[in-house]
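# Commentary on secondary and tertiary structure
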Amino acid sequence: MSLVKLYDTTLRDGTQSEDISFLMEDKIRIALKLDECGIHYIEGGWPGSNPKDVAFFKDIKKEKLSQAKIAAFGSTRRAKITPDKDQNIKTLVQAEPDVITIFGKTWDFHVREALRISLEENLELIQDSLEYLKARAPEVVYDAEHFFDGYKANPDYAIKTLKAAEAANVDCIVLCDTNGGTMPFEFADIINNVQKHIKTPLGIHTHNDGECAVANTIIAVSRGIVHVQGTINGFGERCGNANLCSIIPALRLKMKKECINDEQLKRLRELSRTVYELANLSPNKHQAYVGNSAFAHKGGVHVSAIQRHPETYEHIRPELVGNSTRVLISDLSGRSNILAKAEEFNINLDSKDPVTLEILDNIKDMEHRGYQFEGAEASFEILMKRALGSYRKFFSVLGFRVIDEKRHEDERTISEATIMVKVGGKVEHTAAEGNGPVNALDNAIRKALEKFYPKLKEVKLLDYKVRVLPAGQGTASAIRVLIESGDKEARWGTVGVSDNIIDASYQALIDSIEYKLHREEEATRK
Ligand SMILES: CC(=O)SCCNC(=O)CCNC(=O)[C@H](O)C(C)(C)COP(=O)(O)OP(=O)(O)OC[C@H]1O[C@@H](n2cnc3c(N)ncnc32)[C@H](O)[C@@H]1OP(=O)(O)O
Ligand SMILES: CC(=O)C(=O)O
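The model shown is predicted, which means the values in this text are computed figures rather than measured ones. (Residues numbered from 1 in each chain as written. Chains lettered and ligands numbered in written order. Predicted model: local features only at pLDDT ≥ 70, side-chain atom pairs only at ≥ 80, totals over all residues. Heavy atoms only, no water.)

## Here's the deal with the site of ligand 2
The line we're drawing: Near is defined per residue: the residue qualifies when any heavy atom it owns lies within 4 Å of the molecule or strand. In protein, a polar contact requires one atom able to donate a hydrogen and another able to accept it; more generally it is a pair of N or O atoms within 3.5 Å, and residues adjacent in sequence count only if both atoms are side-chain atoms. For the area figures, the Shrake-Rupley method with a 1.4 Å probe applies, and any residue is considered shielded solely by the protein chains shown. Note on residue categories: nonpolar means Ala, Val, Leu, Ile, Met, Phe, Trp, Tyr, Cys or Pro, charged means Asp, Glu, Lys or Arg, and polar means any other residue, Gly included.
In the vicinity of ligand 2, the contacting residues are R12, D13, D143, E145, C176, T178, H205 and H207. Within the side chain of R12, one N or O atom sits 2.9 Å away from an oxygen atom of ligand 2. Note that an oxygen atom of ligand 2 is positioned 2.6 Å from one of the side-chain N or O atoms of T178. In isolation ligand 2 exposes 220 Å². Once the protein is present, 94% of that is buried. For the shell around ligand 2, the class distribution of residues is one nonpolar, three polar and four charged.

Next up, the structure:
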């Protein structure tokens, strides 16, 4: 197996993405996680840019990394000065990283328009900046910015810029598709031509503006590139960088390249989610390999086949990247989906049992009326238990009332709910206020039931989504409410549908409470 070195730039190019900014502490946590996962190089930032990045290079030295090298990023020197007088270059050296990476201009158009210097002067500043750094840093990487666009516009000049870097004896020359518009069919020929002129190890850095960053990186590796730059979850300037969460499994599992080991690969999903969490972003469900939906099967035909052999609809075993197979319930389900879910919920159900078809028909009918069980598996489990007669009724709601009152135009609206529940032979009548009618109802239900079932105190309402469904023929619009609840151990989703938002919310709230009580009862039985 030949080795491909992974160079992560989440902490530098990743932070050039709109909406992403990490605290210094987050940057350290991400660096440690990348190191644990076997990433060879971690580009921590641009010390010449801001004090946070200067602090990162200071603080990361206090941490014990198992194997990763820390790289600091910057640019070639400014025109008309020598490297020792260039502030950016000086801060790079002062940061004392394991590796210094600088970018320089390859595209004649950029040299003329962005730097506004002569083509010859650009070659000088590439070479003398790199020579200066090479004498002062253990390892130096050169990022040839806009290499592919530059090569297409003026191949001779583009190669001359690489030769200037090679003359400085750099450790790696990275071909960058900075504007992210190069197509996969252009990649192989360009790389083959570069290899005729350049003997220094080559790397690749691609952007995703044409949605081809991962594909282009894979092609580059197939042409012999040995250093791959990218970011976790593809974060990066504009449409992002090449996504290491897709590239790494492709290198390991499909191209049989050495990069990270099997145990580290199993932590890829965890790495992806940690980075989302610290970026304060919701994970992309549909992300290849590591997303929640990456191995989620919805169509009945698919579920039937994966139960016979997972490879029928899965391109890799999800466990290899720390993910898992999921089966979804919807109106596209067949009996196989119902049976798979029954197994997941530890419910005995036979495919020949008429109740299986009954549940399936019920689901299809309810989805037609606006229910959605994909995000409401707890409601589905309750529905299944009801159909099988294993459902225990812990309480009955004898009635409730919700009042919204505004006593004065300058005062906020007050919401109050009263509820009457019956548990065993006892009737409880309770009132509660809330931020709005649904919250008041939720508070009143729990207040009434917590006396009988103290464990309900653990339940928190985590998410509440309302969707207005289009009106049917001659009917008012229906409202679908999806609720996500959770306790210390789990999160679960429930659904309610009605033409009345309070009633739809009530159904979802009751399912959530019943689900918790069933779970607690099962836990005590074990
Ligand atoms: C392809 C990439 O992703 S490269 C990385 C891009 N990332 C960033 O820009 C984030 C960090 N950047 C910063 O904090 C700031 O831009 C700084 C500190 C680097 C520079 O700030 P300023 O000195 O105020 O310059 P400003 O950002 O307005 O313009 C960029 C300057 O860099 C120069 N420059 C751009 N590329 C290079 C290069 N390869 N070599 C030398 N100088 C360069 C530009 O000519 C311009 O200088 P000028 O205004 O003197 O002509
Ligand atoms: C160096 C870099 O980030 C780029 O060319 O996109």
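## Section: the site of ligand 1
What counts is decided by this rule: Helix and strand definitions follow DSSP, with helices as H or I runs of at least four residues and strands as E runs of at least two, each counted in order from the N terminus.
The local shell around ligand 1 holds 17 residues, among which Q16, S49, T76, R78 and E145 are the closest. In this structure, F103 approaches ligand 1 through a main-chain N or O atom, which is 3.4 Å from a nitrogen atom. When isolated, ligand 1 has an accessible area of 1000 Å², and the protein chains bury 56% of it. When residues of the shell around ligand 1 are traced back to their parent elements, those giving at least two are β3 (69-75), β4 (99-105) and α4 (108-115). In terms of residue count, β4 provides more of the shell around ligand 1 than any other element does, three residues in total.

## So, the UniProt feature "domain: Pyruvate carboxyltransferase" (unreviewed entry) in the protein chain
Under the convention used in this document: UniProt positions are given in the numbering used here, feature names are shortened, and annotations may be inferred rather than shown by experiment.
Per the UniProt annotation, the sites labelled "domain: Pyruvate carboxyltransferase" (unreviewed entry) are residues 4-266. End-to-end, the C-alpha atoms of residues 4-266 are 18 Å apart, and along that stretch the chain is 43% helix and 17% strand.

## Notes on the sheet that holds strand β13 (residues 426-434)
Rules: Following DSSP output, two strands are said to pair if at least two bridges run between them. Throughout, an axis means a line fitted to C-alpha atoms (over the contacting stretch in the case of helices), and angles, computed between N-to-C directions, take values from 0 to 180 degrees.
The sheet built from three strands is open, its strands ordered β11-β12-β13 with antiparallel pairing. The open sheet terminates on both sides in strands that have one partner only, identified here as β11 (396-405) and β13. Strand-to-strand twist of the sheet, defined as the mean angle between neighbouring strand axes without regard to direction, takes the value 10°.

## Some points on the pairing of strand β1 (residues 5-8)
Basically, it comes down to this: The definition of a right-handed crossover adopted here requires that, viewed with the strands pointing away, the path from the first strand over the helix to the second runs clockwise.
Where β1 meets strand β8 (residues 227-230), four bridges bridge the pair, whose relative direction is parallel. The residue bridging L6 from the neighbouring strand is V228, located in β8. As paired strands, β1 and strand β2 (residues 41-45) are joined by two bridges and run parallel to one another. Directly across from D8, in β2, lies its bridge partner I42. Handedness of the crossover is the feature at issue here: the chain leaves β1, passes through helix α1 (residues 24-36), returns alongside β2, and the resulting connection is right-handed.

## Remarks on the packing of aromatic side chains
Defined as follows: Pairing of aromatic side chains requires ring centres within 6.5 Å, counting the rings of Phe and Tyr and the six-membered ring of Trp. Pairs whose planes differ by under 30 degrees are stacked, by over 60 edge-to-face, and all others tilted. The cut-offs for exposure are 20% and 50% of the maximum accessible area for each residue type, with area from a 1.4 Å probe on protein chains only; residues under the lower value are buried, those over the upper are exposed, and the others partly exposed.
Evaluated as defined, the whole model comprises 16 aromatic pairs. Aromatic side chains F56 and F57 sit 5.2 Å apart centroid to centroid with 90° between the ring planes, which places their arrangement in the edge-to-face category. Here F56 and F57 have matching classes, each one buried. For the pair W492 and Y515, a centre-to-centre distance of 5.3 Å together with 45° between the ring planes defines the contact as tilted. Residue W492 is found in strand β16 (residues 491-498), and its partner Y515 is found in helix α18 (residues 501-525); the two are separated by 23 residues along the sequence. Exposure remark for W492: the relative accessible area of 3% places this residue in the buried category. Since its relative accessible area comes to 15%, Y515 is described here as buried.

## Overview of the sheet that holds strand β5 (residues 139-145)
Put simply, the rule is: Note on contacts: a residue pair qualifies if any of its non-hydrogen atoms lie within 4.5 Å across the two residues.
Taken in spatial order, the eight strands close into a barrel running β1-β2-β3-β4-β5-β6-β7-β8, and their pairing is parallel. Sheet twist, expressed as the average angle between the axes of neighbouring strands with direction ignored, equals 25°. Against the sheet, helix α5 (residues 119-134) contacts β4 and β5, and its axis sits at roughly 175° relative to β4.

## Let's talk about the domain arrangement of the protein chain
Interface size is commonly expressed as the accessible area that is lost once the parts come together. Threshold: All the domain ranges listed were derived from an automatic or database domain assignment. Buried surface area refers to the total accessible area, computed with a probe of radius 1.4 Å, that the two partners give up upon joining, counted for both partners together. Note on definitions: salt bridges are taken to be side-chain nitrogens of Lys or Arg within 4 Å of carboxyl oxygens of Asp or Glu.
Under the domain assignment, the protein chain is made up of domain 1 (5-279), domain 2 (296-356), domain 3 (370-389 + 460-505 + 512-525) and domain 4 (395-452). Here the C-alpha centroids of domain 2 and domain 3 sit 21 Å apart. Taken together, the 13 residues of domain 2 in the interface contact nine residues of domain 3. Here domain 2 and domain 3 share an interface that buries about 1000 Å² over both sides, 70% of which is from carbon and sulfur atoms. The interface formed by domain 2 and domain 3 includes two salt bridges.

## Quick look at the nonpolar core
Put simply, the rule reads: Throughout, nonpolar core names a set of buried Ala, Val, Leu, Ile, Met, Phe, Trp, Tyr and Cys residues whose side chains join them through atoms within 4.5 Å.
In this structure, F147 and L175 are the most contacted members of the largest nonpolar core, which totals 80 residues. What L175 contacts, discounting residues up to four positions off in sequence, is A144, F147, F148, L162, I191, V194, L202, G203, I204, H205 and I225.

## Section: the packing of α1 against helix α12 (residues 268-279)
Defined as follows: Any angle between 65 and 115 degrees counts as roughly perpendicular, while under 35 counts as roughly parallel, over 145 as roughly antiparallel, and the rest as oblique.
Closest axis-to-axis distance for the α1/α12 pair is 11 Å, and the angle between their directions is 175°. Here α12 runs roughly antiparallel to α1, going by the angle between their axes. Contact residues: D26, R29, I30, K33 and L34 in α1; E270, L271, T274, V275 and L278 in α12. Across the contact of α1 with α12, the residue classes tally to five nonpolar, one polar and four charged.

## Details of the environment of R401
Here R401 lies in strand β11. Distance from R401 to T418, taken between C-alpha atoms, is 5.3 Å for residues 17 residues apart in sequence. Sequence-distant contacts of R401, defined by excluding residues within four places in its chain, comprise E416, A417 and T418.

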